[in-house]
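So the chains spell out like this:
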Amino acid sequence: QVQLVESGGGLVQPGGSLRLSCAASVSIGSIKTMGWYRQTPGKARELVASITNGGTTNYADSVKGRFTISRDNTKSTVYLQMNSLKPEDTAVYYCNARTWYLDNFWGQGTQVPVSS
């Protein structure tokens, strides 16, 4: 079992920045892929960004150039730096861990409203 705890969400104005953190209960060096997803009411959860054990990153087209995912293995924490936020980035953001056995674990989610 992998427990994930997100933090850093909150109200932000358009054009602003926010950094989300996801602390894992195990060493993330042992996890295949860590990722951030987001979901809005009535829509499916979508991938925002992911980072593999080897450091390879992947981003949704809608956030490329604005969001950056990173990991600190010493702290078992993954970060999502979000810059130039737009109202359409408003969502609940979820941290995900996919193990080498392809098990998926999710955090409880953190709300990010982008509004003036």
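In what follows, the structure referred to is the one given above.
The structure displayed is predicted, hence computed values, not measured ones. (Residues numbered from 1 in each chain as written. Predicted model: local features only at pLDDT ≥ 70, side-chain atom pairs only at ≥ 80, totals over all residues. Heavy atoms only, no water.)

Novice: Help me understand the packing of aromatic side chains in this model?
Specialist: The description of two aromatic rings rests on the distance between their centres and on the angle between their planes. Taken as a whole and assessed by the stated rule, the structure comprises one aromatic pair. An angle of 70 degrees between the planes, with centres 5.0 Å apart, marks the rings of Y37 and W106 as edge-to-face. One end of the pair, Y37, is in strand 3 (residues 33-39); the other, W106, is in strand 9 (residues 104-106), and 69 residues separate them in sequence. If you follow R45 out to its NZ or CZ, it ends over the ring of Y94, 3.7 Å from the centre. Seen from the ring of W106, R45 lies directly overhead, with NZ or CZ sitting 4.6 Å from the centre. (Phe/Tyr/Trp six-rings, centres within 6.5 Å; stacked < 30°, edge-to-face > 60°. Helix = DSSP H or I, 4+ residues; strand = E, 2+ residues; numbered from the N terminus. Lys NZ or Arg CZ within 6 Å of the ring centre and 35° of its normal.)

Novice: Could you clarify how one ought to interpret the state of the cysteines in this entry?
Specialist: Formally, a disulfide is one covalent bond, and it connects the sulfur atom of one cysteine to the sulfur atom of another. Summed over the entire model, instances satisfying the criterion amount to one disulfide. Through a disulfide, C22 is tied to C95; the S-S separation comes to 2.0 Å. An S-S torsion of about -80 degrees defines the bridge between C22 and C95 as left-handed. Of this pair, C22 sits in strand 2 (residues 18-24) while C95 sits in strand 8 (residues 91-98), and the two are 73 residues apart along the sequence. Exposure class is identical for C22 and C95. Each is buried. (Disulfide = S-S within 2.5 Å. Buried < 20%, exposed > 50% of the residue type's maximum accessible area, 1.4 Å probe, protein only.)

Novice: What is the right way to look at the nonpolar core in this model?
Specialist: Soluble globular proteins tend to pack their nonpolar side chains together in the buried interior. In terms of nonpolar packing, the biggest core is built from 30 residues, with L4, M34, W36, L80, M82 and Y93 touching the most fellow members. Setting aside anything within four residues of it in sequence, one finds M82 in contact with G16, S17, L18, L20, R66, F67, Y93 and V112. (Core = buried A, V, L, I, M, F, W, Y, C linked by side-chain atoms within 4.5 Å. Contact = heavy atoms within 4.5 Å.)

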